[in-house]
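Survey of secondary and tertiary structure
For reference, the chains in residue letters:
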2 protein chains.
Amino acid sequence: MEQYKVVIDTLGSDKGPEAIILGAALALKQFPELFVTLVGPQALIDEKILEHGIDVTRLKVIPAEETIVNTDHAYEGIMTKTEASLTKAFKEVAKDEENYVGMMTAGNSGAILMGSFRYLRTNSFTRPCMAAIMPNAADGFTCLVDTGATIDCTVSQLHSFAKLGSELMSKLYGIESPRIGLLSNGAEPTKGNALGKETFPVLAADSTLNFVGNIEGNRSLSGDCDVLVCDGFAGNQVLKNTEGTAAKIIKDIVVLSKTRNEPKYMEVVDYLMKRYDLGALGGGLVLGVRKLVIKARGNSDERAIVSIARMLINHAKGGAFYTKKDLK
Amino acid sequence: MEQYKVVIDTLGSDKGPEAIILGAALALKQFPELFVTLVGPQALIDEKILEHGIDVTRLKVIPAEETIVNTDHAYEGIMTKTEASLTKAFKEVAKDEENYVGMMTAGNSGAILMGSFRYLRTNSFTRPCMAAIMPNAADGFTCLVDTGATIDCTVSQLHSFAKLGSELMSKLYGIESPRIGLLSNGAEPTKGNALGKETFPVLAADSTLNFVGNIEGNRSLSGDCDVLVCDGFAGNQVLKNTEGTAAKIIKDIVVLSKTRNEPKYMEVVDYLMKRYDLGALGGGLVLGVRKLVIKARGNSDERAIVSIARMLINHAKGGAFYTKKDLK
C-alpha cells in the first residue's frame, strides 16, 4: 500500500491541542495508508498516544511548546519564533527527502501565509492565497478565493487568485475550463468597488481564463461560477456570513421544533447540520505553493481533522478533496 | 383620523409598474389612514384604478413615463432626467405644504441617494446612506449601514453611518444607547482592512457612541450589536449573502421533503419563507435626510409595497418599522 505522510501542527487551535491529537488518532485508525508527524508538546502527545492507543509505527513526533498566536505579527512570528510549532511544521513539510503530501494547522492565518511563502514558495515567487471549497446550490462546489489571507488586495493579486483557483478546480474536479466570477455588488459589468472595476477588464482580457463576469452576493454560492474571486476581506464575509446564517436558521428550526412540539423537525436540523457544517468539511487551502497546506478553522474539532486528513490523501491520489457523497 | 401621505414611484422595478400599483391598491385597502401619490404612466394607472377598484379620493397621480435605469449614471440621471418618475417623486415629497411622511421607490440606488441629497438634504449637508433593519438571532433587530449606497467609503463616512444608525435605532426601538459594531474579519481590535483599522479608533474615541468593537462576519446578525457599520460593498455582501444562503437552505429542505416523502418538512419551509423573506419585510432606508425614503428591492412584489407602506405609517406614528410580531 502506498504511504501518505502528513504533518499536523497541534498548537494554535481554540480547542487546544487535545482535539487535534484526538483527530490525528481517529484519522490514523480510519486511513491505514496515513502516516502522521505531530508537532507539539511532547508530554501531552505521549499521554494521548497511550490514551487513544495510537499506532506509533505510523507516527513521528517533533517537540514544540511555543505557539504563534493570533495577536502575533505574522511576518515576525514566522521569522523570529523559530521554536514555534507552526515554524517547525513548515520546516518539516518542506524537506524533500521526507516526501510529505502536505500539512494541516489551525494556526494564525497570516503566519500560515508567510510560512507558506518562506518555506514552500514556487520558483515564480507567486504570493500564496487562501481558498475554500464550498458546496453550492447547483449540487457542485465553488472555490472561493481569497478567504482572508490578503485583506487588502491589488488587481494583480486578484488576477493571480483567478488563475490559481482555475487551476485547482481543473485538477480537483476535472472541470475543463472553470468559470471565473468576480464578487460584486451587482451583476452588471458597471458594478463593483474601485478594486473590482479595475480588475474586471484584466480578467476579461486574459484568454486563458473563462471569465463569466460579476457575481452578485446573493448568487455567490449559487453555482453560477466554479471560482469566485474577491479580496480577503470580502471573501471572509462570504465564508463567515454563510456559516453564521446557516447556524442561525438551524437554531430557528430547533426553537420551532420545541415551540410546536414537533420532534420531526429535528430531522431537518440533523440534515442541515451535516450539510452546512463547513467546519467539519475542512478549512482553508493555501494555493500557489509546492505542498498542500490546509488551515483548519480555529474552532475545529476532531472531525475536522479527520476530514482534512482525507482531503490531503484524496488530493495526493489526484482526486477531489471531497465530493457530494461526503455531504450526505 | 390622522392622514398619512406617501409618494410611490411606480417605475424602476424589475417586475414592472403593475406590481407596484397593485401593492399601492392593497395598501390603500389595508390602511384607511393612507393617502397615496402615484408617480408613473397615466394610462396604465388609470386602467389599474378600475381593475383594482382603487379609492380615488385617497389617490393623486403624477404622470411620468421616463425611468432612471440601473445603467444610468446616478448623478446625471437625477440632474438631467427631470421628467423621470424618480425625479418627479423627489420633487413631490420635498414639498413642505404637502406634508408627506415619506416616499417609496424601487429605482436605481445611486440615483435615490443623489435625489435624496439634492431634494431632501438637511442643513448639515450630511451625505445620505442606505440602511437595512434585519432580524437578528437574539430575537431583535440589527441596523446594517451602509448596504450599498456608497461602495467605496472614507473613515468619516463610516463615522457618520455609525451616528445615523445609532439615532435611528434609538428612535425606532427605544434603545437608549445602541451598541455600534464595526464589521471586520475577526473580533480582535487588530483585525480589519485598511479602512476598518483607521475607523476603529475614531469610533472608539467618540463618546456619544456606544462602540462595542469589531464584529466578525459569522456574528454580523447574531445580535451582538444594534448597528453594524461597514462600507457599502461589504454591507451589500452581508445583505445579499444572508438572503442567498437562506434561499439555498430553504431549497435544500424542499428537496429533502420530496426525496424522503416527508410533507411535514414543508411546515419548516413555510416558517422560514416568512421569517427570511427580507424582500417582503421591506427594503433599504435612506438615512440622513429630511423625509423617510425607502428603497424597495428591485424584485419587490406587491407584498413588499404593502409592508413598506406600513413601515412609513408606523415611522410617522413614532414607532418601529416592524416588530417581532411582523415576523410570525
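Residues numbered from 1 in each chain as written. Chains lettered and ligands numbered in written order. Predicted model: local features only at pLDDT ≥ 70, side-chain atom pairs only at ≥ 80, totals over all residues.

**Some remarks on the overall build of chain A**
Selection criterion: The helix count covers DSSP runs of H or I at least four residues long, the strand count covers runs of E at least two residues long, and both are numbered beginning at the N terminus. Partly exposed residues are those falling between the two cut-offs: more than 12 but fewer than 20 other C-beta atoms within 10 Å of their own, whereas 20 or more means buried and 12 or fewer means exposed, with C-beta atoms placed from the backbone. A residue pair is marked as a contact if its C-beta atoms, positioned from the backbone, fall within 7 Å.
When you go through chain A residue by residue, the secondary structure sums to 11 helices and 11 strands. The principal-axis extent of the C-alpha atoms belonging to chain A is close to 60 × 60 × 40 Å. Considering chain A as a whole, with its 328 residues, one finds that 54% of them fall into the buried category. Within chain A, contacts between residues separated by at least 24 positions form 69% of all contacts whose residues are at least 6 apart in sequence.

**Focus: the nonpolar core**
Defined as follows: Nonpolar cores are identified as sets of buried Ala, Val, Leu, Ile, Met, Phe, Trp, Tyr and Cys residues joined via C-beta atoms within 7 Å.
One finds A:Val6, A:Val229, A:Leu312, B:Val6, B:Val229 and B:Leu312 to be the most contacted residues of the largest nonpolar core, which totals 185 residues. In this view, A:Val6 contacts A:Leu34, A:Val36, A:Tyr100, A:Val101, A:Gly102, A:Met103, A:Met104, A:Ala309 and A:Leu312; residues no more than four positions away in its chain are not counted. Among the nonpolar cores identified, the runner-up in size contains 14 residues, and A:Leu272, B:Ile249, B:Ile253 and B:Val268 belong to it.

**Some details on the pairing of strand E4 (residues 102-105) of chain B**
All names here are of chain B. We count it as follows: Think of it this way: DSSP has to see at least two bridges between two strands before they count as a pair.
Going residue by residue along E4, you find Gly102 and Met104 tucked away on one face and Met103 and Thr105 tucked away on the opposite face as well. Of the pairings in the sheet, the one linking E4 to strand E11 (residues 292-295) comprises four bridges and is parallel in character. The residue of E11 that forms the bridge with Met104 is Ile294.

**A look at the interface of chain A and chain B**
Contacts between the two partners involve 42 residues from chain A, matched on the other side by 42 residues from chain B. The greatest single-element share of the side of chain A that touches chain B, amounting to 18 residues, is contributed by helix H8 (residues 232-259) of chain A.

**Topic: the domain arrangement of chain A**
Filter applied, for reference: What marks off one domain from the next here is an automatic or database domain assignment.
Annotation of chain A at the domain level lists domain 1 (4-121 + 289-327) and domain 2 (132-244). The C-alpha-based centres of domain 1 of chain A and domain 2 of chain A are spaced at 27 Å.

**Section: the sheet that holds strand E11 (residues 292-295) of chain A**
All names here are of chain A. Operational definition: All axes here are fitted lines through C-alpha atoms, helices being fitted over the stretch that makes contact, and every angle between N-to-C directions spans 0 to 180 degrees.
Strand order in this open sheet of 11 strands is E3-E2-E1-E4-E11-E10-E5-E6-E9-E7-E8, and the pairing throughout is mixed. Sheet topology places strand E3 (59-63) and strand E8 (210-216) at the edges, where each strand pairs with a single neighbour. This sheet shows a mean twist of 25° between the axes of neighbouring strands, independent of strand direction. In terms of strand pairing, strand E1 (residues 4-9) meets strand E2 (residues 34-40) through six bridges, oriented parallel. Note on E2: the bridge partner recorded for Tyr4 is Leu34. Packed on one face of the sheet, helix H7 (residues 194-205) meets strand E7 (179-184) and E8 and runs near 170° to E7.

**Describing helix H5 (residues 109-120) of chain A**
Residues and elements named next belong to chain A. Spelled out, the test is: What a helix should span is 1.5 Å times the count of its residues minus one.
Helix length check: H5 (12 residues) gives 15 Å between terminal C-alpha atoms against 16 Å at 1.5 Å per residue, within 8%. Those residues of H5 that sit buried are Ser109, Gly110, Ala111, Ile112, Leu113, Met114, Gly115, Ser116, Tyr119 and Leu120. Contacts made by the buried residues of H5 are with helix H3 (74-80), helix H4 (85-93), strand E4 (102-105), strand E5 (129-135), strand E10 (284-287) and E11.

**Observations concerning the packing of helix H6 (residues 155-173) of chain B against helix H7 (residues 194-205) of chain B**
Residues and elements named next belong to chain B. Put simply, the rule reads: Convention used here: angles under 35 degrees read as roughly parallel, angles over 145 as roughly antiparallel, angles from 65 to 115 as roughly perpendicular, and any remaining angle as oblique. Take the far helix as the reference: if the near one is turned anticlockwise from it by less than a right angle, the crossing is left-handed, and if turned clockwise, right-handed. The nonpolar class holds Ala, Val, Leu, Ile, Met, Phe, Trp, Tyr, Cys and Pro. Asp, Glu, Lys and Arg form the charged class, and all remaining residues, Gly among them, are polar.
Following both chains from N to C, one finds H6 and H7 inclined at 50°, their axes separated by 9 Å at the closest point. What the angle tells us is that H6 and H7 run oblique. The way H6 lies across H7 gives a crossing that is right-handed. Residues Val155, Leu158, His159 and Ala162 of H6 form the contact with H7, whose participating residues are Leu195, Glu198, Thr199, Val202 and Leu203. Per-class residue counts for the contact of H6 with H7 are six nonpolar, two polar and one charged.

**Overview of the relation of the copies chain A and chain B**
Basically, it comes down to this: Superposition of the copies used a least-squares fit over C-alpha atoms from residues whose pLDDT is at least 70 in both.
Expressed as a screw operation, the relation of chain A to chain B combines 0.0 Å of axial shift with a rotation of 180°, fitting to an RMSD of 0.0 Å. Interpreted geometrically, this transformation is the action of a two-fold axis. Mapped onto chain B, 100% of the interface residues of chain A again fall at the interface, so both copies present the same surface.

**Here's the deal with the sheet that holds strand E9 (residues 227-229) of chain B**
Residue and element names in this part refer to chain B. The 11 strands are arranged E3-E2-E1-E4-E11-E10-E5-E6-E9-E7-E8 in an open sheet whose pairing can be described as mixed. Both outer strands of the open sheet, strand E3 (59-63) and strand E8 (210-216), are each paired with one neighbouring strand and no more. For this sheet the average axis-to-axis angle between neighbouring strands, irrespective of direction, equals 25°. Each of strand E1 (4-9) and strand E2 (34-40) is contacted by helix H1 (residues 17-30), which is oriented at about 165° to E2, the strand it contacts most.

**Some points on the packing of H1(B) against helix H10 (residues 302-316) of chain B**
Residues and elements named next belong to chain B. Running from N to C, H1 and H10 cross one another at 45°; their axes reach a closest spacing of 7 Å. Taken together, H1 and H10 sit at an angle that is classed as oblique. Where H1 crosses over H10, the handedness of that crossing is right-handed. Residues Ala19, Ile20, Leu22, Gly23, Ala24, Leu26, Ala27 and Gln30 of H1 pack against Glu302, Ala304, Ile305, Val306 and Ala309 of H10. Here the residues of the contact of H1 with H10 are counted per class, giving 10 nonpolar, two polar and one charged.

**Description of H7(B)**
Residues and elements named next belong to chain B. Put simply, the rule is: Note that the arc is computed from the directions linking the helix axis to the C-beta atoms.
Those residues of H7 lying buried are Leu195, Gly196, Thr199, Phe200 and Leu203. Taken down its axis, H7 places every buried residue within 135° of arc, on the same side. Of the exposed residues in H7, the ones pointing more than 90 degrees away from its buried face are Ala194, Pro201 and Ala205. For H7, the elements touching its buried residues are H6, strand E7 (179-184) and E8.

**Some words on the confidence of the model for chain A**
Counted only if it meets this: For every residue, the predictor reports its confidence as pLDDT, a number between 0 and 100.
Summarising the model, chain A shows a mean pLDDT of 91, and 95% of its residues fall at 70 or more. Prediction confidence for the complex, expressed as pTM and ipTM, is 0.86 and 0.84 respectively.

**Considering unusual backbone geometry**
In terms of backbone geometry, most residues other than glycine have negative phi values and most peptide bonds are trans. The amide bond that connects A:Val145 to the next residue, A:Asp146, takes the cis arrangement and shows omega of 10°. By the secondary structure assignment, A:Asp146 is in the loop between strand E6 (141-145) and helix H6 (155-173). At B:Asp139, a position not held by glycine, the phi torsion is positive, near 70°. Looking at where B:Asp139 falls in the secondary structure, it is placed in the loop between strand E5 (129-135) and strand E6 (141-145). Note on B:Asp139: 10 C-beta atoms within 10 Å, which makes it exposed.

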